[in-house]
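Report on the structure
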Amino acid sequence: MTAKNAFYAQSGGVTAVINASASGVIETARKHPDQIANVYAGRNGIIGALTEDLIDTSQESAEDIAALKHTPSGGFGSCRFKLKSLEDNKREYERLIEIFKAHNIGYFFYNGGGDSADTCYKVSQLSEKMGFPVQAIHVPKTVDNDLPITDNCPGFGSVAKYIAVSTLEASYDVRSMAATSTKIFVIEVMGRHAGWIAAAGGLVEDQGIPVVVLFPEIEFDQEKFLANVDAKVKEFGYCTIVVSEGCHWPDGKFLAEQGTRDAFGHAQLGGAAPVVANMIKDALGHKFHWAVADYLQRAARHLASESDVEQAYALGQAAVEKALQGKNSIMPTVVRESSNPYKWSIGEAPLSEVANVEKMMPMEFITEDGFGITEACKEYLYPLIKGEAYPPYLDNGMPDYVTMKGAAVPKKLDVFEL
(Lines give C-alpha, C1' and ligand atoms only; values in the text may rest on other atoms or scores of the structure.)
Protein backbone atom coordinates (compact mmCIF):
# COMPACT_ATOMS: atom_id res chain seq x y z
CA MET A 1 0.00 0.00 0.00
CA THR A 2 1.37 3.42 -0.96
CA ALA A 3 1.88 5.68 2.06
CA LYS A 4 -0.43 8.69 2.26
CA ASN A 5 0.27 12.06 3.82
CA ALA A 6 -1.38 13.38 6.97
CA PHE A 7 -2.82 16.82 7.63
CA TYR A 8 -2.62 18.33 11.11
CA ALA A 9 -4.17 21.63 12.25
CA GLN A 10 -4.58 23.55 15.47
CA SER A 11 -7.89 25.26 16.16
CA GLY A 12 -9.34 27.92 18.42
CA GLY A 13 -7.72 29.42 21.50
CA VAL A 14 -4.35 27.79 22.09
CA THR A 15 -3.01 26.37 25.36
CA ALA A 16 0.23 25.79 27.21
CA VAL A 17 0.34 22.19 25.92
CA ILE A 18 -1.31 22.06 22.48
CA ASN A 19 2.15 21.88 20.94
CA ALA A 20 2.83 18.77 23.00
CA SER A 21 -0.04 17.13 21.09
CA ALA A 22 1.50 18.35 17.84
CA SER A 23 4.79 16.79 18.87
CA GLY A 24 2.99 13.55 19.68
CA VAL A 25 1.31 13.48 16.26
CA ILE A 26 4.42 14.29 14.23
CA GLU A 27 6.91 12.13 16.14
CA THR A 28 4.57 9.13 16.02
CA ALA A 29 3.88 9.61 12.30
CA ARG A 30 7.62 9.71 11.62
CA LYS A 31 7.93 6.24 13.13
CA HIS A 32 5.62 4.85 10.42
CA PRO A 33 7.00 6.09 7.07
CA ASP A 34 5.55 3.03 5.33
CA GLN A 35 2.05 4.28 6.13
CA ILE A 36 2.41 8.05 6.61
CA ALA A 37 4.75 9.67 4.12
CA ASN A 38 4.68 13.15 5.65
CA VAL A 39 2.70 15.41 7.95
CA TYR A 40 1.50 18.70 6.50
CA ALA A 41 0.35 21.29 9.03
CA GLY A 42 -2.19 23.96 8.29
CA ARG A 43 -0.70 27.41 8.64
CA ASN A 44 -3.11 29.19 10.99
CA GLY A 45 -5.31 26.16 11.43
CA ILE A 46 -8.04 25.04 9.07
CA ILE A 47 -7.61 28.25 7.06
CA GLY A 48 -4.29 26.79 5.95
CA ALA A 49 -6.13 23.87 4.41
CA LEU A 50 -8.78 25.96 2.68
CA THR A 51 -6.19 28.34 1.18
CA GLU A 52 -3.71 25.54 0.48
CA ASP A 53 -1.19 27.15 2.80
CA LEU A 54 0.44 24.01 4.09
CA ILE A 55 3.60 23.64 6.17
CA ASP A 56 6.00 20.82 5.36
CA THR A 57 6.88 19.45 8.79
CA SER A 58 9.54 17.17 7.29
CA GLN A 59 11.66 20.32 7.06
CA GLU A 60 11.56 20.69 10.85
CA SER A 61 14.38 18.96 12.72
CA ALA A 62 13.73 16.15 15.19
CA GLU A 63 15.09 18.42 17.92
CA ASP A 64 12.64 21.22 17.08
CA ILE A 65 9.65 18.86 16.92
CA ALA A 66 10.66 17.49 20.32
CA ALA A 67 11.00 21.06 21.64
CA LEU A 68 7.34 21.69 20.80
CA LYS A 69 6.56 19.61 23.88
CA HIS A 70 7.77 22.41 26.13
CA THR A 71 6.71 25.39 23.97
CA PRO A 72 3.37 27.19 24.56
CA SER A 73 0.81 28.51 22.09
CA GLY A 74 0.27 27.16 18.56
CA GLY A 75 3.51 26.28 16.82
CA PHE A 76 1.84 26.20 13.41
CA GLY A 77 -0.71 28.94 14.04
CA SER A 78 -4.36 28.59 14.96
CA CYS A 79 -7.57 30.40 14.05
CA ARG A 80 -11.14 30.99 15.07
CA PHE A 81 -12.86 29.92 11.90
CA LYS A 82 -15.91 27.72 12.18
CA LEU A 83 -17.02 25.92 9.07
CA LYS A 84 -20.76 26.24 8.62
CA SER A 85 -23.03 23.26 8.18
CA LEU A 86 -22.71 21.10 5.07
CA GLU A 87 -26.05 22.42 3.91
CA ASP A 88 -25.08 26.10 4.34
CA ASN A 89 -21.59 25.99 2.88
CA LYS A 90 -20.75 22.73 1.17
CA ARG A 91 -18.07 24.43 -0.93
CA GLU A 92 -15.68 24.72 2.03
CA TYR A 93 -15.91 21.03 2.82
CA GLU A 94 -15.54 20.12 -0.84
CA ARG A 95 -12.48 22.38 -0.97
CA LEU A 96 -10.94 20.45 1.92
CA ILE A 97 -11.42 17.18 0.06
CA GLU A 98 -9.91 18.74 -3.10
CA ILE A 99 -6.86 19.75 -1.09
CA PHE A 100 -6.59 16.29 0.43
CA LYS A 101 -6.82 14.71 -3.03
CA ALA A 102 -4.24 17.07 -4.53
CA HIS A 103 -1.73 16.38 -1.77
CA ASN A 104 -2.49 12.68 -1.25
CA ILE A 105 -3.73 13.23 2.29
CA GLY A 106 -5.42 10.24 3.84
CA TYR A 107 -5.30 11.27 7.50
CA PHE A 108 -6.83 14.37 9.12
CA PHE A 109 -5.81 15.22 12.69
CA TYR A 110 -7.72 18.23 14.02
CA ASN A 111 -6.50 19.53 17.38
CA GLY A 112 -9.19 21.60 19.07
CA GLY A 113 -12.40 21.85 21.10
CA GLY A 114 -16.06 21.17 20.44
CA ASP A 115 -16.37 23.14 17.21
CA SER A 116 -13.31 21.34 15.84
CA ALA A 117 -14.81 17.97 16.74
CA ASP A 118 -17.87 18.94 14.72
CA THR A 119 -15.73 19.89 11.69
CA CYS A 120 -13.75 16.68 11.98
CA TYR A 121 -16.97 14.66 12.08
CA LYS A 122 -18.39 16.37 9.00
CA VAL A 123 -15.17 15.88 7.04
CA SER A 124 -15.20 12.16 7.80
CA GLN A 125 -18.78 11.93 6.52
CA LEU A 126 -18.28 14.00 3.36
CA SER A 127 -15.04 12.33 2.34
CA GLU A 128 -16.83 9.01 2.06
CA LYS A 129 -19.59 10.54 -0.06
CA MET A 130 -17.05 12.17 -2.37
CA GLY A 131 -15.20 8.92 -2.93
CA PHE A 132 -11.98 9.96 -1.25
CA PRO A 133 -11.94 8.39 2.22
CA VAL A 134 -10.03 10.35 4.86
CA GLN A 135 -9.53 9.05 8.36
CA ALA A 136 -10.53 11.99 10.54
CA ILE A 137 -9.34 11.90 14.13
CA HIS A 138 -10.05 14.69 16.60
CA VAL A 139 -7.24 15.48 19.07
CA PRO A 140 -8.89 17.03 22.14
CA LYS A 141 -7.76 20.44 23.39
CA THR A 142 -9.49 23.08 25.46
CA VAL A 143 -8.68 24.98 28.62
CA ASP A 144 -12.43 25.06 29.31
CA ASN A 145 -12.40 21.29 30.01
CA ASP A 146 -15.88 21.03 28.50
CA LEU A 147 -15.51 18.19 25.99
CA PRO A 148 -17.72 15.20 26.85
CA ILE A 149 -16.73 11.59 27.57
CA THR A 150 -13.04 12.28 28.21
CA ASP A 151 -12.22 12.65 31.93
CA ASN A 152 -10.41 15.91 31.21
CA CYS A 153 -9.01 17.89 28.28
CA PRO A 154 -5.37 18.73 27.52
CA GLY A 155 -4.78 22.37 28.35
CA PHE A 156 -7.05 22.36 31.38
CA GLY A 157 -4.63 20.89 33.92
CA SER A 158 -2.06 23.60 33.23
CA VAL A 159 -4.51 26.49 33.29
CA ALA A 160 -6.00 25.09 36.49
CA LYS A 161 -2.53 24.95 38.05
CA TYR A 162 -1.79 28.51 36.97
CA ILE A 163 -5.07 29.85 38.36
CA ALA A 164 -4.79 27.92 41.62
CA VAL A 165 -1.22 29.11 42.21
CA SER A 166 -1.80 32.69 41.05
CA THR A 167 -4.94 33.02 43.18
CA LEU A 168 -3.05 31.72 46.19
CA GLU A 169 -0.12 34.09 45.69
CA ALA A 170 -2.32 37.14 45.16
CA SER A 171 -4.39 36.19 48.21
CA TYR A 172 -1.25 36.08 50.34
CA ASP A 173 -0.50 39.60 49.11
CA VAL A 174 -3.95 40.84 50.06
CA ARG A 175 -3.80 39.10 53.43
CA SER A 176 -0.56 40.89 54.27
CA MET A 177 -2.04 44.31 53.46
CA ALA A 178 -5.64 43.88 54.58
CA ALA A 179 -5.31 45.65 57.94
CA THR A 180 -4.71 49.05 56.34
CA SER A 181 -5.27 48.62 52.61
CA THR A 182 -6.86 46.25 50.11
CA LYS A 183 -9.42 43.82 51.51
CA ILE A 184 -10.81 42.41 48.27
CA PHE A 185 -9.04 40.72 45.36
CA VAL A 186 -11.07 39.64 42.34
CA ILE A 187 -9.60 37.44 39.61
CA GLU A 188 -11.55 36.79 36.41
CA VAL A 189 -10.91 33.50 34.62
CA MET A 190 -12.02 31.91 31.35
CA GLY A 191 -15.06 29.68 31.13
CA ARG A 192 -18.08 30.74 29.12
CA HIS A 193 -20.55 28.05 30.11
CA ALA A 194 -18.52 25.67 32.30
CA GLY A 195 -16.88 26.65 35.57
CA TRP A 196 -13.98 24.22 35.62
CA ILE A 197 -11.27 26.90 35.63
CA ALA A 198 -13.03 28.94 38.29
CA ALA A 199 -13.27 25.79 40.39
CA ALA A 200 -9.47 25.51 40.33
CA GLY A 201 -9.27 28.90 42.03
CA GLY A 202 -11.41 27.45 44.79
CA LEU A 203 -8.60 25.10 45.78
CA VAL A 204 -6.98 27.94 47.76
CA GLU A 205 -9.54 27.25 50.47
CA ASP A 206 -7.35 24.33 51.55
CA GLN A 207 -4.53 26.84 52.15
CA GLY A 208 -6.70 28.84 54.55
CA ILE A 209 -7.81 31.51 52.07
CA PRO A 210 -11.39 32.88 52.35
CA VAL A 211 -12.62 32.52 48.78
CA VAL A 212 -15.89 32.98 46.91
CA VAL A 213 -16.25 31.34 43.49
CA LEU A 214 -18.78 32.50 40.88
CA PHE A 215 -19.68 29.75 38.41
CA PRO A 216 -21.51 29.95 35.05
CA GLU A 217 -23.61 27.01 36.24
CA ILE A 218 -25.07 29.09 39.09
CA GLU A 219 -27.27 32.13 38.43
CA PHE A 220 -25.74 35.21 40.02
CA ASP A 221 -27.59 36.37 43.13
CA GLN A 222 -26.20 39.78 44.07
CA GLU A 223 -27.71 39.99 47.55
CA LYS A 224 -26.57 36.50 48.51
CA PHE A 225 -23.13 37.11 47.06
CA LEU A 226 -22.55 40.36 48.94
CA ALA A 227 -23.69 38.78 52.20
CA ASN A 228 -21.19 35.95 51.70
CA VAL A 229 -18.33 38.36 50.98
CA ASP A 230 -19.26 40.57 53.92
CA ALA A 231 -19.25 37.60 56.30
CA LYS A 232 -15.80 36.49 55.14
CA VAL A 233 -14.28 39.95 55.45
CA LYS A 234 -15.67 40.25 58.98
CA GLU A 235 -14.21 36.86 59.91
CA PHE A 236 -10.87 36.95 58.10
CA GLY A 237 -10.27 40.63 57.36
CA TYR A 238 -10.18 40.07 53.61
CA CYS A 239 -11.66 37.95 50.83
CA THR A 240 -10.71 36.61 47.38
CA ILE A 241 -13.28 36.23 44.61
CA VAL A 242 -12.78 34.00 41.58
CA VAL A 243 -15.29 34.89 38.87
CA SER A 244 -15.80 33.00 35.66
CA GLU A 245 -16.24 35.17 32.56
CA GLY A 246 -19.49 33.25 31.98
CA CYS A 247 -21.07 34.26 35.28
CA HIS A 248 -24.56 35.52 34.44
CA TRP A 249 -27.69 37.11 35.85
CA PRO A 250 -30.93 35.08 36.19
CA ASP A 251 -32.10 36.43 32.80
CA GLY A 252 -29.05 34.84 31.15
CA LYS A 253 -27.13 38.05 30.48
CA PHE A 254 -23.43 37.78 31.24
CA LEU A 255 -21.97 40.10 33.86
CA ALA A 256 -19.11 40.61 31.39
CA GLU A 257 -21.07 40.93 28.15
CA GLN A 258 -19.82 43.73 25.90
CA GLY A 259 -22.46 43.46 23.21
CA THR A 260 -19.97 42.17 20.60
CA ARG A 261 -19.42 38.74 19.05
CA ASP A 262 -16.33 36.69 18.26
CA ALA A 263 -15.62 34.77 15.02
CA PHE A 264 -17.62 31.79 16.27
CA GLY A 265 -20.68 33.96 16.97
CA HIS A 266 -20.19 33.74 20.74
CA ALA A 267 -20.75 36.80 22.93
CA GLN A 268 -17.44 38.64 23.43
CA LEU A 269 -16.74 38.55 27.16
CA GLY A 270 -14.31 40.34 29.43
CA GLY A 271 -15.04 42.64 32.33
CA ALA A 272 -16.75 40.55 35.01
CA ALA A 273 -13.98 41.31 37.51
CA PRO A 274 -14.43 45.11 37.60
CA VAL A 275 -18.21 44.69 37.68
CA VAL A 276 -17.96 42.46 40.75
CA ALA A 277 -15.26 44.58 42.43
CA ASN A 278 -17.20 47.81 42.05
CA MET A 279 -20.34 46.07 43.25
CA ILE A 280 -18.52 45.22 46.49
CA LYS A 281 -17.08 48.73 46.77
CA ASP A 282 -20.49 50.34 46.36
CA ALA A 283 -22.27 48.02 48.79
CA LEU A 284 -19.59 47.32 51.42
CA GLY A 285 -17.04 50.09 50.90
CA HIS A 286 -14.00 47.82 50.76
CA LYS A 287 -10.89 48.81 48.83
CA PHE A 288 -10.19 46.33 46.05
CA HIS A 289 -7.87 45.19 43.30
CA TRP A 290 -8.88 43.05 40.36
CA ALA A 291 -7.16 41.17 37.56
CA VAL A 292 -8.20 39.39 34.37
CA ALA A 293 -6.05 36.31 33.76
CA ASP A 294 -6.93 36.27 30.02
CA TYR A 295 -4.07 35.00 27.80
CA LEU A 296 -1.74 34.65 30.78
CA GLN A 297 -3.64 31.64 32.08
CA ARG A 298 -3.59 29.66 28.85
CA ALA A 299 -0.04 30.61 27.79
CA ALA A 300 1.75 29.87 31.07
CA ARG A 301 3.98 27.01 29.97
CA HIS A 302 6.48 27.92 32.70
CA LEU A 303 4.01 26.54 35.26
CA ALA A 304 2.49 23.67 33.29
CA SER A 305 1.08 20.62 35.00
CA GLU A 306 3.22 17.54 34.42
CA SER A 307 0.18 15.30 33.98
CA ASP A 308 -1.28 17.77 31.45
CA VAL A 309 1.88 17.72 29.32
CA GLU A 310 2.01 13.94 29.40
CA GLN A 311 -1.63 13.57 28.45
CA ALA A 312 -1.42 16.14 25.65
CA TYR A 313 1.47 14.25 24.06
CA ALA A 314 -0.14 10.85 24.65
CA LEU A 315 -3.40 11.89 22.96
CA GLY A 316 -1.52 13.17 19.90
CA GLN A 317 0.38 9.91 19.79
CA ALA A 318 -2.82 7.88 20.24
CA ALA A 319 -4.55 9.77 17.42
CA VAL A 320 -1.95 8.56 14.94
CA GLU A 321 -1.86 5.04 16.33
CA LYS A 322 -5.63 4.71 16.15
CA ALA A 323 -5.66 6.05 12.59
CA LEU A 324 -3.09 3.43 11.62
CA GLN A 325 -5.35 0.81 13.18
CA GLY A 326 -8.04 1.88 10.72
CA LYS A 327 -10.09 3.95 13.17
CA ASN A 328 -12.07 6.90 11.82
CA SER A 329 -14.35 9.63 13.15
CA ILE A 330 -13.21 9.24 16.76
CA MET A 331 -11.50 11.21 19.51
CA PRO A 332 -8.94 9.60 21.82
CA THR A 333 -9.88 10.25 25.44
CA VAL A 334 -8.40 10.25 28.93
CA VAL A 335 -9.87 7.52 31.12
CA ARG A 336 -9.40 8.03 34.86
CA GLU A 337 -8.77 4.71 36.55
CA SER A 338 -8.15 6.08 40.05
CA SER A 339 -7.60 9.45 41.72
CA ASN A 340 -5.34 8.38 44.59
CA PRO A 341 -2.96 7.23 43.36
CA TYR A 342 -3.70 8.98 40.07
CA LYS A 343 -3.83 6.51 37.20
CA TRP A 344 -5.16 7.06 33.70
CA SER A 345 -5.26 5.36 30.34
CA ILE A 346 -6.28 6.16 26.77
CA GLY A 347 -9.76 5.42 25.50
CA GLU A 348 -11.79 6.66 22.56
CA ALA A 349 -15.16 8.22 21.79
CA PRO A 350 -17.15 8.44 18.54
CA LEU A 351 -17.25 11.98 17.18
CA SER A 352 -21.00 11.69 16.76
CA GLU A 353 -21.20 11.78 20.58
CA VAL A 354 -18.60 14.53 21.01
CA ALA A 355 -19.45 17.19 18.43
CA ASN A 356 -21.30 20.22 19.83
CA VAL A 357 -21.71 18.69 23.30
CA GLU A 358 -20.56 20.72 26.33
CA LYS A 359 -19.65 19.11 29.65
CA MET A 360 -20.63 21.36 32.55
CA MET A 361 -19.49 21.17 36.15
CA PRO A 362 -21.50 18.47 37.96
CA MET A 363 -23.64 20.06 40.65
CA GLU A 364 -22.11 17.69 43.20
CA PHE A 365 -18.81 19.55 42.59
CA ILE A 366 -20.35 22.86 43.75
CA THR A 367 -21.14 23.56 47.41
CA GLU A 368 -24.75 23.92 48.45
CA ASP A 369 -24.47 27.71 48.80
CA GLY A 370 -23.19 27.93 45.19
CA PHE A 371 -19.96 29.74 46.09
CA GLY A 372 -17.38 26.99 46.56
CA ILE A 373 -16.18 23.54 45.57
CA THR A 374 -16.82 20.23 47.30
CA GLU A 375 -14.39 17.54 48.39
CA ALA A 376 -15.42 15.50 45.33
CA CYS A 377 -14.36 18.40 43.10
CA LYS A 378 -11.02 18.68 44.88
CA GLU A 379 -10.45 14.96 44.43
CA TYR A 380 -11.02 15.46 40.71
CA LEU A 381 -8.84 18.57 40.37
CA TYR A 382 -5.73 17.87 42.42
CA PRO A 383 -4.35 15.04 40.24
CA LEU A 384 -4.69 17.27 37.15
CA ILE A 385 -2.47 20.03 38.57
CA LYS A 386 0.06 17.72 40.17
CA GLY A 387 3.70 17.74 39.07
CA GLU A 388 5.86 20.30 37.33
CA ALA A 389 7.22 20.09 33.78
CA TYR A 390 9.42 23.16 33.57
CA PRO A 391 10.76 24.17 30.14
CA PRO A 392 14.53 24.41 29.69
CA TYR A 393 15.96 27.87 30.31
CA LEU A 394 18.63 29.84 28.47
CA ASP A 395 21.66 31.30 30.23
CA ASN A 396 19.98 34.73 30.13
CA GLY A 397 17.08 33.46 32.23
CA MET A 398 14.47 33.24 29.47
CA PRO A 399 12.74 29.95 28.58
CA ASP A 400 14.12 28.12 25.55
CA TYR A 401 11.03 27.97 23.35
CA VAL A 402 11.09 26.91 19.70
CA THR A 403 9.75 28.61 16.55
CA MET A 404 8.95 26.44 13.55
CA LYS A 405 10.65 27.12 10.20
CA GLY A 406 7.24 26.85 8.53
CA ALA A 407 8.48 25.80 5.08
CA ALA A 408 5.59 25.98 2.61
CA VAL A 409 4.36 23.04 0.55
CA PRO A 410 4.11 23.99 -3.18
CA LYS A 411 0.54 24.79 -4.20
CA LYS A 412 -1.30 22.75 -6.81
CA LEU A 413 -4.77 24.27 -6.99
CA ASP A 414 -6.39 27.59 -7.84
CA VAL A 415 -6.83 30.34 -5.28
CA PHE A 416 -9.84 29.85 -2.97
CA GLU A 417 -11.68 32.84 -1.51
CA LEU A 418 -12.83 32.44 2.07
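About the cut-offs
Residues numbered from 1 in each chain as written. Predicted model: local features only at pLDDT ≥ 70, side-chain atom pairs only at ≥ 80, totals over all residues. Heavy atoms only, no water. UniProt positions renumbered as here; feature names shortened; annotations may be inferred. Helix = DSSP H or I, 4+ residues; strand = E, 2+ residues; numbered from the N terminus. Buried < 20%, exposed > 50% of the residue type's maximum accessible area, 1.4 Å probe, protein only. Contact = heavy atoms within 4.5 Å. Domains from an automatic or database assignment. Buried area = accessible area lost by both parts, 1.4 Å probe. Salt bridge = Lys/Arg side-chain N within 4 Å of Asp/Glu carboxyl O. Polar contact = N/O pair within 3.5 Å; in protein donor to acceptor, adjacent residues only side chain to side chain. Pairing = 2+ DSSP bridges. Axes fitted to C-alpha atoms, helices over the stretch in contact; angles between N-to-C directions.

The UniProt record annotates "active site" (unreviewed entry) at Asp144. Residue placement: aspartate 144 occurs in the loop between strand 5 (135–140) and helix 6 (156–177). The partly exposed category is assigned to aspartate 144, whose relative accessible area is 22%. Sequence-distant contacts of aspartate 144, that is, excluding residues within four places in its chain, are made with Met190, Gly191, Ala194, Trp196 and Ile197.

Here the focus is the domain arrangement of the chain. Assigned domains of the chain: these are domain 1 (4–141 + 304–355) and domain 2 (156–301). Centre-to-centre separation of domain 1 and domain 2, based on C-alpha positions: 34 Å. Counting from both sides, the interface comprises 17 residues of domain 1 and, opposite them, eleven residues of domain 2. Contact with domain 2 buries surface across domain 1, with Ala16, Arg80 and Ala304 losing the most and accounting together for 40% of the total. The interface formed by domain 1 and domain 2 includes zero salt bridges. Linking domain 1 with domain 2 are five residue pairs in polar contact (both at pLDDT 80 or more).

Attention now goes to the sheet that holds strand 6 (residues 184–189). In spatial order, the strands read 7-8-6-9; together these four strands make up an open sheet with parallel pairing. With one partner strand each, in any of the chains shown, strand 7 (211–214) and strand 9 (288–292) form the two edges of the open sheet. On average, adjacent strands in this sheet sit at an angle of 15° to one another, irrespective of strand direction. Pairing geometry for strand 6 and strand 9, over five bridges, is parallel. Of the residues in strand 9, the one forming a bridge with isoleucine 184 is phenylalanine 288. Of the strands in this sheet, strand 6 and strand 8 (239–244) are in contact with helix 6, which crosses strand 6 at around 165°. Along the sheet, helix 9 (residues 272–284) makes contact with strand 6, strand 7, strand 8 and strand 9, crossing strand 9 at roughly 170°.

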